[in-house]
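# Structural overview
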Amino acid sequence: MRLTPRAAYAVLGVAPHELHGSVTGLEDLWGPWARRLGERLADTGSWAERLALTDAFLTERAAAAPAMSPEVAGVWDTIVARRGRVRITDLAASCGWSRKRLWSRFGAQIGLTPKRAAMLVRFDHAARALTSGRSIGDVALACGYADQSHLHRDVLALAGFTPSALAAMDTSAG
């Protein structure tokens, strides 16, 4: 399951920084709710019913969850809308916070620093462009990398592949 940071904050019921680097069972997060969900899933007869049950459960959890602060949600939305091409100083100014306060609040609710989140969003956009067949030079330019070597460095660090190897991967079989 892929969750945005906003959805993860709502559905998991804990701030992502509390889970950083750990593998955590659902019972550790949700206690008896996870047990009951597991029992109900075991009693259902089809995958369609299991998926509907899971969807309803997650929707109910998200509706009852504490809301992410509007400032943090707004900063996340800006990072996504601008595909990671943002200045942290501008993000802090947009919500009336200092950089330090933005880093603290954003990190507590998203689980990453704003700079790391922007880097990952920009990388995601670049990786999708590479795997869609766009040239490495065009991707570097379109995604705001200073040059191809900067794109190469990020792709290698985040994906473990060169941009050429990533571009050659078949992502349709996922």
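None of these values were measured; they are calculated from a predicted model. (Residues numbered from 1 in each chain as written. Predicted model: local features only at pLDDT ≥ 70, side-chain atom pairs only at ≥ 80, totals over all residues. Heavy atoms only, no water.)

### Topic: the overall build of the protein
When helices and strands are tallied, the protein shows 11 helices and 0 strands. Start at the N end of the protein and walk to the C end: the helices and strands fall as α-α-α-α-α-α-α-α-α-α-α. Taken along its principal axes, the extent of the C-alpha atoms in the protein is 55 × 45 × 25 Å. Within the protein, buried positions represent 33% of all 174 residues. Surface summary for the protein: the accessible area is close to 10500 Å², and the carbon and sulfur share equals 55%. Counting 21 positive and 16 negative side-chain charges, the protein places the centres of these two groups 9 Å from one another. (Helix = DSSP H or I, 4+ residues; strand = E, 2+ residues; numbered from the N terminus. Buried < 20%, exposed > 50% of the residue type's maximum accessible area, 1.4 Å probe, protein only. Areas by Shrake-Rupley, 256 points an atom, 1.4 Å probe, with all protein chains shown as cover. Lys, Arg positive; Asp, Glu negative; His and termini not counted. Charge placed at Lys NZ, Arg CZ, Asp CG, Glu CD.)

### Some thoughts on unusual backbone geometry
Of note, arginine 83 is a non-glycine position whose phi angle comes to about 55°, a positive value. Locating arginine 83 in the fold gives a position in the loop between helix H5 (70-81) and helix H6 (88-94).

### A short note on helix H1 (residues 5-12)
Here H1 has its buried residues at Pro5, Ala8, Tyr9, Ala10 and Val11. Of the residues one or two after H1, glycine 13 is the one with positive phi, at around 85°.

### With respect to the packing of helix H8 (residues 114-131) against helix H10 (residues 148-159)
At their nearest, the axes of H8 and H10 sit 10 Å apart, and the two run at 100° to each other. In terms of their interaxial angle, H8 and H10 are classed as roughly perpendicular. Facing H8, whose interface residues are Arg116, Met119, Leu120, Arg122, Phe123, Ala126 and Leu130, H10 presents Leu151, Asp154, Val155, Leu158 and Ala159. Its residues assigned to classes, the contact of H8 with H10 shows 9 nonpolar, no polar and 3 charged. (Axes fitted to C-alpha atoms, helices over the stretch in contact; angles between N-to-C directions. Parallel < 35°, antiparallel > 145°, perpendicular 65-115°, else oblique. Contact = heavy atoms within 4.5 Å. Nonpolar A, V, L, I, M, F, W, Y, C, P; charged D, E, K, R; others polar.)

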